[in-house]
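Structural overview
The lines below spell out each chain.
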Amino acid sequence: MIGEITPELWSPSQAELDLQAEHGLLSVRDETLFFKCIRSGGCCKTNLCPVGELDQTAQQCRFLHPHKNLDTGHTLYRCTIAHEQHTQAACQISKGCCMPWSQARNDLLNAHKSDLANLIAVLNIE
Ligand code: SF4
Ligand code: SF4
């Protein structure tokens, strides 16, 4: 979820926003933008949630694991503790995206722009 886009981080064009909205990745309510998570893993590699733990060697949260390798060479990720009762509220992956400008997320989106059917399939994987 995001309420504000910081232009220094990301200045999406209207076309980019329209594309995301068209495919259910973005909804606008009362001028607030809500982006959907596509499980790029971007946030859990750079900005751990309150229950995340850094794996110094991998330089990412130790609970972040690959979920599916896509034909484009990209990987979808999952959090292994996101469904546990005591951690689910704090976990960020698979909820609204608080880092829609992340490189990992944008790379995944760009790789699937020309294959909309595959993009939709990605979003349906749980
Ligand atoms: S950066 Fe956003 S899209 Fe990527 S895993 Fe995190 S919440 Fe999901
Ligand atoms: S959502 Fe899960 S994988 Fe991501 S930082 Fe939090 S605990 Fe780690």
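Preceding this paragraph is the structure being described.
The structure reproduced in this document is the subject of the present report. Bear in mind the structure is a predicted one, so any value in this text is a computation, not a measurement.

With that settled, the discussion passes to the site of ligand 1. By nearness alone, 14 residues border ligand 1, and Cys37, Ser40, Gly42, Cys43 and Cys97 come closest of all. Listed by contribution, the elements that provide at least two residues to the shell around ligand 1 are helix H2 (42-46) and helix H3 (103-111). Tallied by class, the residues present in the shell around ligand 1 amount to 7 nonpolar, 5 polar and 2 charged.

Let us now look at the nonpolar core. Of all hydrophobic cores here, the largest spans 20 residues; its most connected members are Cys44, Leu64, Cys79 and Ile93. Elements represented by at least two residues in this core include exactly H2, strand S6 (75-79) and H3. If near-sequence neighbours (up to four positions away) are discounted, Cys44 is found in contact with Gly52, Gln60, Cys61, Leu64, Tyr77, Cys79 and Ile93.

The next subject is the site of ligand 2. In the region of ligand 2, 14 residues are neighbours, and Cys44, Cys49, Gly52, Cys61 and Cys79 sit closest. Split into classes, the residues belonging to the shell around ligand 2 amount to 12 nonpolar, 2 polar and no charged.

In an α-helix there are 3.6 residues to a turn, and that puts residues three or four apart on one side. Residues Ala104, Arg105, Leu108 and Leu109 constitute the buried set of H3. The buried residues of H3 occupy one face: seen down the axis, they fall within an arc of 135°. Of the exposed residues in H3, those oriented more than 90 degrees away from the buried face are Gln103 and Asn110. Of the surrounding elements, those touching the buried residues of H3 are H2.

What counts, and where the lines are drawn
- Residues numbered from 1 in each chain as written.
- Chains lettered and ligands numbered in written order.
- Predicted model: local features only at pLDDT ≥ 70, side-chain atom pairs only at ≥ 80, totals over all residues.
- Near = placed C-beta within 6 Å.
- Helix = DSSP H or I, 4+ residues; strand = E, 2+ residues; numbered from the N terminus.
- Nonpolar A, V, L, I, M, F, W, Y, C, P; charged D, E, K, R; others polar.
- Core = buried A, V, L, I, M, F, W, Y, C linked by C-beta atoms within 7 Å.
- Buried ≥ 20, exposed ≤ 12 C-beta atoms within 10 Å, placed from the backbone.
- Contact = placed C-beta atoms within 7 Å.
- Arc of directions from axis to C-beta.

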